[in-house]
Amino acid sequence: MDTSTKPTAVAVLRIGLTVNGQPRQLEFDPRTSLLDALREHLHLTGTKKGCDHGQCGACTVLINGRRINSCLTLAVMHDHDDVVTIEGLSAPEALHPLQAAFIKRDAFQCGYCTPGQICSAVGMLAEAKAGWPSHVTPDVASGQIALSDAEIRERMSGNICRCAAYPNIVAAIRDVAGGVSR
Amino acid sequence: MKPFTYERVTDPRAAGAAVSRAGAKFISGGTNLLDLMKLEIEQPTHLVDISRLPLKQVEDLPDGGIRIGAQAANSEVAADPRVRARYPVLAEAVLAGASGQLRNKASIGGNLLQRTRCPYFYDTAAACNKRTPGAGCAALRGVNRIHAILGASDACIATHPSDMAVAMSALEAEIELLEPNQSTRRVAIDDFYGLPGSTPHIETVLRPGEMITAVILPPPPPGRQRYRKVRDRASYEFALISVAVIIATDRETITTARVAFGAVAHKPWRSIDAEAALKGRPATLTTYQAAADAAMRSAVGRGHNDFKIELAKRTLCRTLADAAQISIGRPS
């Protein structure tokens, strides 16, 4: 943050952050959510606005490798952070494995929740790889996480799909996680 | 959202002065505060960002306890090997709350200070003494299925929504606070929160400008720990009833027990009455039911939430049986 901007009047704040590998400078009203900064200021409209209250997961992006709801955080709080959105996961001719799996498994209908689902799954797989337990892990003290379908469902519960493509979303994530296909 | 100004503090000692101006509030993860600001339930005119303060560590203490920095993410604490090994009830409680995305963002201090999810608190067209002191309580005669059954008042029947705080109550956590004059104090979690009485807008003993810096957990008590949450959805939903128990047995006699309920009151509800009914008794369903009755002796339903009294009893019996690893069959 540019500290010359004194918090007196409704100031325009200026920050620098990395978005999909590119350094970006942004100026905005302090009220701007990270979601609105991405969509309205950087025109990265792959990240979707669903509920705008942290209940649907459509706005999920990765901050410093961790998945979060971009609607429930202020852009100004992400000065110097590294942001990855759905646009940054891959090039069109070389899809991220999760993108390819979502297509192969027909893991969407309208597609509105899909960018959030895929960004969330990227973050979720990293969490599981790091040995993080979940609500359905039988023994939270165990460091070994087997990504069963129940684990995938629990860990993805922050992403709502109004078309209810859940069985195919689980299948797509299972494919990438290396789980046994049924 | 109402306009506000923003500043970030990087030294904990600067936080109290920064937040001392009128209308100022701390912001950390923001997952609850920004939600409420969008609805204009919260209207701070100045935000003090404390999310980058160096208060993110989980540290071992010489007495065998741990100190959890207030700015640690919920997910980091639930994943911490020491928390999982020595305080599994806390890891289970944190993992039972919110979603993966929210747990990555929400701080430990923010979790403690999150506001109720009473729908009348959220509905700015409804009367709410917590939102507008003196306005009345629409929940009393409204749809109060999720509301409090213990310690409520005619001014407010809202519940505290945290899962984490329920486990911390059973673990006898202390909240470490930093005052603007740089002095620190520790408050037991059960003293940190208040009952609604006639002032439900006052939820904690936090003083103006005071900031949560850490949660201190004493060494874990003996026994097995378990957190159970009952809710309308399998995941990503607030509790109807939750229970944290820690129970130690010696040849099927209960030597010590800790019991705390969530979603029953304005604060995490430690039940000393249930604990007294368990200690020294055989680890049987009869004992668990007596403890459940003791825990709910002063419970009052408000109509739609009458079922929560029986649900709390059954949830306690089942959780005690799970933790004691003694089969009780199906509670009647």
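Sequence order sets the numbering: in each chain, residues are counted from 1 along the sequence as written. Chains carry letters from A onward and ligands carry numbers from 1 onward, assigned in written order. In view of the model being predicted, local features appear only for residues whose pLDDT reaches at least 70, and side-chain atom pairs are presented and counted only at 80 or more, with totals across whole chains, interfaces and linings using the full set of residues. The side-chain quantities take in all heavy atoms of the structure and omit both hydrogens and water.

**A word on empty space enclosed by the protein**
And then number 1: The distinction between a cavity and a pocket rests on a 1 Å grid over the protein atoms alone: a 1.4 Å probe fits inside a cavity but cannot get out, while a pocket stays open yet meets protein on both sides within 12 Å along at least five of seven lines, and a residue with an atom within 4 Å of a point counts as lining. Grid points are joined across faces, edges and corners, and a volume is the space filled by probe spheres set on the points. In the structure shown here, the tally under the stated rule is six cavities of 30 Å³ or more.
And then number 2: Forming the boundary of the largest cavity are 13 residues, of which Glu127, Trp132 and Pro133 of chain A together with Leu95 and Arg103 of chain B lie nearest the centre.
And then number 3: The numbering of helices and of strands both runs from the N terminus, where a helix is a DSSP run of H or I of at least 4 residues and a strand a run of E of at least 2. Those elements giving two or more residues to the lining of the largest cavity turn out to be helix H3 (74-79) and helix H6 (100-105) of chain B.
And then number 4: For the lining of the largest cavity, the class distribution of residues is five nonpolar, four polar and four charged. The residue classification treats Ala, Val, Leu, Ile, Met, Phe, Trp, Tyr, Cys and Pro as nonpolar and Asp, Glu, Lys and Arg as charged. All others, Gly included, are polar.

**Structural notes on the interface of chain B and chain A**
Often, the extent of an interface is quoted as the loss of accessible area on bringing the components together.
And then number 1: Counting from both sides, the interface comprises 44 residues of chain B and, opposite them, 43 residues of chain A.
And then number 2: Both faces combined, the contact of chain B with chain A buries some 3500 Å², and carbon together with sulfur accounts for 57% of it.
And then number 3: Contact with chain A buries surface across chain B, with Tyr6, Arg84 and Gln101 of chain B losing the most and accounting together for 21% of the total.
And then number 4: Salt bridge criterion: a side-chain nitrogen from Lys or Arg within 4 Å of a carboxyl oxygen from Asp or Glu. If you look at where chain B meets chain A, you find three salt bridges.
And then number 5: Here Lys38 of chain B and Asp52 of chain A are joined by a salt bridge, their closest N and O atoms 3.0 Å apart.
And then number 6: The term polar contact refers here to a pair of N or O atoms within 3.5 Å; inside protein, the definition further demands a hydrogen-donor-capable atom paired with an acceptor-capable atom, and it admits residues adjacent in sequence only when both atoms are side-chain atoms. Run the count over chain B and chain A and you get 20 residue pairs in polar contact (both at pLDDT 80 or more).
And then number 7: Ranked by the residues each element gives to the side of chain B that touches chain A, the list is headed by H6 of chain B, at five residues.
And then number 8: Of the residues contributing to the side of chain B that touches chain A, the split by class is 18 nonpolar, 13 polar and 13 charged. Here, two residues are considered to be in contact whenever any of their heavy atoms come within 4.5 Å of each other. The term buried area means the drop in 1.4 Å probe accessible area that two parts suffer when joined, counted for both and summed.

**A word on the state of the cysteines**
Covalent bonding between the sulfur atoms of two cysteines defines a disulfide.
And then number 1: Only a pair of cysteine sulfur atoms within 2.5 Å counts as a disulfide in this structure description. Under the defined criterion, the tally for this structure stands at zero disulfides over all chains.
And then number 2: Cysteine Cys137 of chain B is unpaired, with the sulfur of Cys156 of chain B as its nearest cysteine sulfur at 5.9 Å.

**Focus: the nonpolar core**
All names here are of chain B.
And then number 1: Among the buried residues, those of types Ala, Val, Leu, Ile, Met, Phe, Trp, Tyr and Cys that are joined through side-chain atoms within 4.5 Å form a nonpolar core. Any residue under 20% of the maximum accessible area for its type is buried, any over 50% is exposed, and the rest in between are partly exposed; the area is computed with a 1.4 Å probe on protein chains only. In this structure, Ile68, Leu90, Leu112, Met168 and Leu217 are the most contacted members of the largest nonpolar core, which totals 40 residues.
And then number 2: Look past the residues within four positions of Ile68 in its chain and what remains in contact with it is Gln57, Val58, Val77, Leu90, Ile108, Thr213, Ala214, Val215 and Leu217.
And then number 3: Formed by 34 residues, the second largest nonpolar core is a distinct cluster that contains Ile247, Leu278, Leu320 and Ala324.

**Overview of the layout of surface pockets**
And then number 1: Taken as a whole, the second largest pocket encloses approximately 570 Å³ of empty space.
And then number 2: Lining the second largest pocket are 23 residues, and of these Ser51, Lys56, Ala73, Asn104 and Lys105 of chain B sit closest to its centre.
And then number 3: Those elements that place two or more of their residues in the lining of the second largest pocket are strand E4 (66-69) of chain A together with H3 and H6 of chain B.
And then number 4: The class makeup of the residues in the lining of the second largest pocket is eight nonpolar, nine polar and six charged.

**Regarding the sheet that holds strand E5 (residues 66-69) of chain B**
The strands making up a sheet are joined through hydrogen bonds of the backbone, oriented either antiparallel or parallel.
Residues and elements named next belong to chain B.
And then number 1: Here, any two strands with at least 2 DSSP bridges between them count as paired. The strand order across the open sheet built from five strands is E4-E5-E8-E6-E7, with neighbouring strands paired in antiparallel fashion. On the outer flanks of this sheet lie strand E4 (58-60) and strand E7 (184-188), each paired with one strand and no other. In this sheet, adjacent strand axes meet at a mean angle of 25 degrees when their direction is disregarded. Axis angles are defined between N-to-C directions and span 0 to 180 degrees, where every axis is a line fitted to C-alpha atoms and, for a helix, only to the segment in contact.

**A short note on the pattern of salt bridges**
Residue and element names in this part refer to chain B.
And then number 1: According to the stated counting rule, one finds 40 salt bridges over all chains in the structure shown.
And then number 2: Across the pair Glu59 and Arg67 runs a salt bridge, and its minimum N-O distance is 3.4 Å.
And then number 3: For Glu59, a relative accessible area of 35% corresponds to the partly exposed category.
And then number 4: For the salt bridge of Arg82 with Asp60, the shortest nitrogen-to-oxygen distance reads 3.4 Å. Here Arg82 is found in helix H4 (residues 81-86), whereas its partner Asp60 is found in strand E4, with 22 residues between them in sequence.
And then number 5: Of the residues examined, Asp60 reaches a relative accessible area of 44% and is grouped as partly exposed.

**Regarding the sheet that holds strand E3 (residues 60-63) of chain A**
All names here are of chain A.
And then number 1: Strands sit in the order E2-E1-E5-E3-E4 across an open sheet of five strands; the sheet is mixed. This sheet does not close on itself; its edge strands, each paired only once, are strand E2 (22-28) and E4. Across the sheet, the mean angle separating the axes of adjacent strands is 40 degrees when strand polarity is ignored.
And then number 2: Both strand E1 (residues 13-19) and E2 contribute to a ladder of seven bridges, which runs antiparallel. Looking across to E2, one finds that Val19 is bridged to Gln22.
And then number 3: Where helix H1 (residues 34-41) meets the sheet, its contacts fall on E1, E2, E3, E4 and strand E5 (82-84), and the angle it forms with E2 comes to roughly 105 degrees.

**Section: the environment of Glu176 of chain B**
Residues and elements named next belong to chain B.
And then number 1: Along the chain, the position of Glu176 falls in strand E6 (residues 174-178).
And then number 2: Judged by relative accessible area, Glu176 falls into the buried class, the value being 13%.
And then number 3: For Glu176 and Ile212, which are 36 residues apart along the polypeptide, the C-alpha to C-alpha distance reads 5.9 Å.
And then number 4: A polar side-chain atom of Glu176 sits 2.7 Å from a polar atom in the side chain of Thr213.

**A few points about unusual backbone geometry**
Most peptide bonds adopt trans geometry, and most residues besides glycine take a negative phi value.
And then number 1: Positive phi is not limited to glycine here, since Asp52 of chain A has a value of about 65 degrees.
And then number 2: Tracing the backbone through its elements, the reader meets Asp52 of chain A in the loop between H1 and E3.
And then number 3: You will see that Tyr236 of chain B, though not glycine, has its phi angle at about 55 degrees, which is positive.
And then number 4: By secondary structure assignment, the location of Tyr236 of chain B is in the loop between strand E9 (224-230) and strand E10 (241-250).
And then number 5: Judged by its relative accessible area of 9%, Tyr236 of chain B is buried.

**Focus on the packing of helix H12 (residues 285-295) of chain B against helix H13 (residues 307-324) of chain B**
All names here are of chain B.
And then number 1: Where H12 meets H13, the axes come as close as 9 Å, and the angle between the chain directions of the two elements is 140 degrees. It follows from the interaxial angle that H12 and H13 lie oblique. At the point where H12 passes H13, the crossing takes the right-handed sense. Between H12 and H13, the contacting residues are Leu285, Tyr288, Gln289, Ala291, Ala292 and Asp293 on the first element and Lys313, Leu316, Cys317, Leu320, Ala321 and Ala324 on the second.
And then number 2: Each residue belonging to the contact of H12 with H13 can be placed in one class, and the counts come to nine nonpolar, one polar and two charged. Angles are sorted into four bins: roughly parallel if under 35 degrees, roughly antiparallel if over 145, roughly perpendicular if 65 to 115, and oblique for all others. Left-handed is the label given to a crossing in which the near helix is rotated counterclockwise from the far helix by less than a right angle, and right-handed is the label when the rotation is clockwise.

**Quick look at the packing of aromatic side chains**
All names here are of chain B.
And then number 1: Two aromatic rings, drawn from Phe, Tyr or Trp (for Trp, its six-membered ring), form a pair once their centres lie within 6.5 Å of each other, and the interplanar angle then sorts them: stacked below 30 degrees, edge-to-face above 60, tilted otherwise. Inspection of the entire model under this criterion finds two aromatic pairs over all chains.
And then number 2: Measuring from centroid to centroid gives 6.0 Å for Phe121 and Tyr122, while their planes differ by 80 degrees, and the two rings are edge-to-face. Note on accessibility: Phe121 and Tyr122 belong to one class, buried.
And then number 3: Ring centres of Phe192 and Tyr193 lie 5.1 Å apart, and the angle between their planes is 80 degrees; on these two criteria the pair is classed as edge-to-face. Both residues of the pair, Phe192 and Tyr193, count as buried.

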